[in-house]
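What the coordinates show
Letter by letter, the chains look like this.
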Amino acid sequence: MDLIRDVLDNQIVDRNQRRLGKIDGIIVELRDGKPPLLVAVETGWVTKARRIHERLGRWLWRRGSRPYRIPWTKIRDVGTDVEFAIDAQETPLLRTENRLRKVLTRIPGS
C-alpha cells in the first residue's frame, strides 16, 4: 500500500457508509531498529493548516482548534474511500458537519 496515494486526502466513511470528511494527516511512530508503526489518521482544520504552513497550524491550535484522530486499527477497508469501524454518531466529526450544513443553508443558492 502507498500511504500517500491510497490514504491521504481520501474520504473517511463510517461502518454505515456515512461520509465524515477527508484524511488530512497520517500519524506514524518511529521506533529505533524497527519499522515505522502506523498509529492513526487525522482530520481537521489544524492538520490541513499544518500542511500549508506550520505557523498557521499553531495559530489555529492556540485558538482551540484540535484535530480528530482515528486509530489505524479501526480501518476496515481502503479503496476509493477509507472505511473505519466507527459510528459517525460517536464522533465530533458529525457535529462539525451539522454546523456547516446550518451555515450553508443560509447562503442563497446553496
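Residues numbered from 1 in each chain as written. Predicted model: local features only at pLDDT ≥ 70, side-chain atom pairs only at ≥ 80, totals over all residues. Heavy atoms only, no water.

So, about the overall build of the protein. Looking only at helices and strands, the protein has four helices and seven strands in total. Taken from the N to the C terminus, the helices and strands of the protein come in the order α-β-β-β-β-α-α-β-β-β-α. Across its three principal directions, the C-alpha atoms of the protein cover 55 × 35 × 25 Å. Among the 110 residues that make up the protein, the fraction classed as buried is 33%. Counting only contacts in the protein whose residues sit at least 6 apart along the sequence, the fraction spanning at least 24 positions is 46%. Carbon and sulfur atoms make up 53% of the accessible area of the protein, which totals about 7700 Å². For the protein, the distance from the average site of its 23 positive side-chain charges to the average site of its 15 negative ones is 8 Å. (Helix = DSSP H or I, 4+ residues; strand = E, 2+ residues; numbered from the N terminus. Buried < 20%, exposed > 50% of the residue type's maximum accessible area, 1.4 Å probe, protein only. Contact = heavy atoms within 4.5 Å. Areas by Shrake-Rupley, 256 points an atom, 1.4 Å probe, with all protein chains shown as cover. Lys, Arg positive; Asp, Glu negative; His and termini not counted. Charge placed at Lys NZ, Arg CZ, Asp CG, Glu CD.)

The next point concerns the pattern of salt bridges. Considering all chains together, one arrives at seven salt bridges under this definition. The partner of Lys48 in a salt bridge is Asp24, and the shortest N-O contact between them spans 3.0 Å. On the criterion of sequence distance, the pair formed by Lys48 in helix α2 (residues 45-52) and Asp24 in the loop between β2 (19-22) and β3 (25-29) is long-range, its members being 24 residues apart. Residue classification places Asp24 among the buried residues on the basis of a relative accessible area of 5%. Three or more residues are tied together by salt bridges with common partners; here these are Glu42, Arg50 and Arg69. (Salt bridge = Lys/Arg side-chain N within 4 Å of Asp/Glu carboxyl O.)

Attention shifts here to α2. Within α2, the full set of buried residues consists of Val46, Thr47 and Ala49. Looking down the long axis of α2, one finds its buried residues gathered within 160° of arc, a one-sided arrangement. In α2, the exposed positions angled more than 90 degrees off the buried face are occupied by Trp45 and Ile52. (Arc of directions from axis to C-beta.)

Coordinates in, geometry out; function isn't part of it.
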